[in-house]
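Commentary on secondary and tertiary structure
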Amino acid sequence: MRKRIISAALFLILLLLMPVTAIAAGSGTFPDVPEDAGYAEAVAVLAELGVLQGDNTGNFNPNSSITRAETATIICRLLGVEEQAKTRIDSVFTDVPSSHWAVGYIAEVVKLRIVNGYGNKMFGPSDPVTQQQMIKMLVCAWGYEYDAENLGGWPNGYIQVAESLGIIEDADYIANVPASRSMVAEWVYNVLYIDPYVEG
């Protein structure tokens, strides 16, 4: 069943209101993001919107992997539900205690049916998110999981939908391997230009 997603439109409005200098490729947001990198604009925009953050040294680490907990946080920020997530301490996963820094973010994306665990009440918050998992999260977050399931579901249905929406460029290169932070930035940035599905 498709979900009603409205808050995501807020990011489209913010994107249109942002100064040109903030979205110019190579804005210098992070010292380890080259100005001519293909993902530089995506990183700059998402950092300006507060969706992506660097580490405690101020670096973005574009070639590093990103954890499932961090991805849950990005999705919450993307959908404008971070404040709700921050107030939650409930968890259905044995490896995500109420004291975990991302417990609320994980609970929120689970509630929204964007992310599932591995089974046996395990989520794997510190595990690197795979390319396939990230694609599924973005497709579900934007409300297109019905289309993906009609195309065969996990993982190929979601990959096909992601390609048709323009989240990714070539489905043939999506694999069950860790997604890099630069890759995630590009995909999340591409989502901003897609109309979220809203039930009538």
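You'll find the structure just up there.
Structure report, in brief. (Residues numbered from 1 in each chain as written. Predicted model: local features only at pLDDT ≥ 70, side-chain atom pairs only at ≥ 80, totals over all residues. Heavy atoms only, no water.)

**Brief notes about unusual backbone geometry**
The criterion, for reference: Strands here mean DSSP runs of E at least two residues long; helices mean DSSP runs of H or I at least four residues long; both are numbered from the N terminus. Burial classes: relative accessible area under 20% of the type maximum marks a residue as buried, over 50% as exposed, and values in between as partly exposed (1.4 Å probe, protein chains only).
Of note, the bond from tryptophan 154 into proline 155 is cis; its omega dihedral lies within 30 degrees of zero at -10°. In this model, arginine 113 sits at a positive phi of 60°, which is unusual for a non-glycine residue. Structurally, the position occupied by arginine 113 is in the loop between α6 (103-111) and α7 (131-141). A relative accessible area of 58% places arginine 113 in the exposed class. The phi dihedral of asparagine 120 is positive, around 55°, even though this residue is not glycine.

**Observations regarding the packing of aromatic side chains**
Let me state the cut-off plainly: Only Phe, Tyr and Trp rings take part, Trp by its six-membered ring, and two of them pair if their centres are within 6.5 Å. Stacked means planes under 30 degrees apart, edge-to-face means over 60, and tilted covers everything else.
Throughout the structure, instances matching the rule amount to four aromatic pairs. Centre to centre, the rings of phenylalanine 30 and phenylalanine 60 are 5.4 Å apart; their planes meet at 35°, and the pair counts as tilted. One end of the pair, phenylalanine 30, is in the loop between α2 (20-23) and α3 (40-48); the other, phenylalanine 60, is in the loop between α3 and α4 (68-79), with 30 residues separating them in the sequence. Accessibility assignment for this pair places phenylalanine 30 and phenylalanine 60 in one class, buried.

**Digging into the pattern of salt bridges**
Quick reminder of the rule: Only one rule defines a salt bridge in this text: a Lys or Arg side-chain nitrogen within 4 Å of an Asp or Glu carboxyl oxygen.
Enumeration over the complete set of coordinates arrives at five salt bridges. Between glutamate 108 and arginine 88 there is a salt bridge; the shortest N-O distance is 3.2 Å. With glutamate 108 in helix α6 and arginine 88 in the loop between α5 (82-86) and α6, this residue pair connects regions lying 20 residues apart in the sequence. You'll find glutamate 108 and arginine 88 in the same group, each marked buried. Between lysine 111 and glutamate 108 there is a salt bridge, with the nearest N and O atoms lying 3.3 Å from each other. One end of the pair, lysine 111, and the other, glutamate 108, are both in helix α6, three residues apart, so they sit about a helical turn from each other. A relative accessible area of 51% places lysine 111 in the exposed class. The buried category is assigned to glutamate 108, whose relative accessible area is 3%. Where salt bridges share partners, they join Arg88, Asp90, Glu108 and Lys111 into one cluster.

**Some details on the nonpolar core**
Put simply, the test is: Nonpolar cores were defined as sets of buried Ala, Val, Leu, Ile, Met, Phe, Trp, Tyr and Cys residues, with membership established by side-chain atoms within 4.5 Å.
Counting residues in each nonpolar core, the largest one holds 61 residues, and the members touching the most others are Ile135 and Ile167. For this core, the secondary structure elements donating two or more residues are α3, α4, α6, α7, α9 (156-165) and α10 (181-191).

**Focus on the environment of tyrosine 173**
You can see tyrosine 173 is positioned in the loop between α9 and α10. By relative accessible area, which is 64% here, tyrosine 173 ends up exposed. Here the alpha-carbon distance between tyrosine 173 and glutamine 131, two residues 42 residues apart in the chain, equals 9.5 Å.

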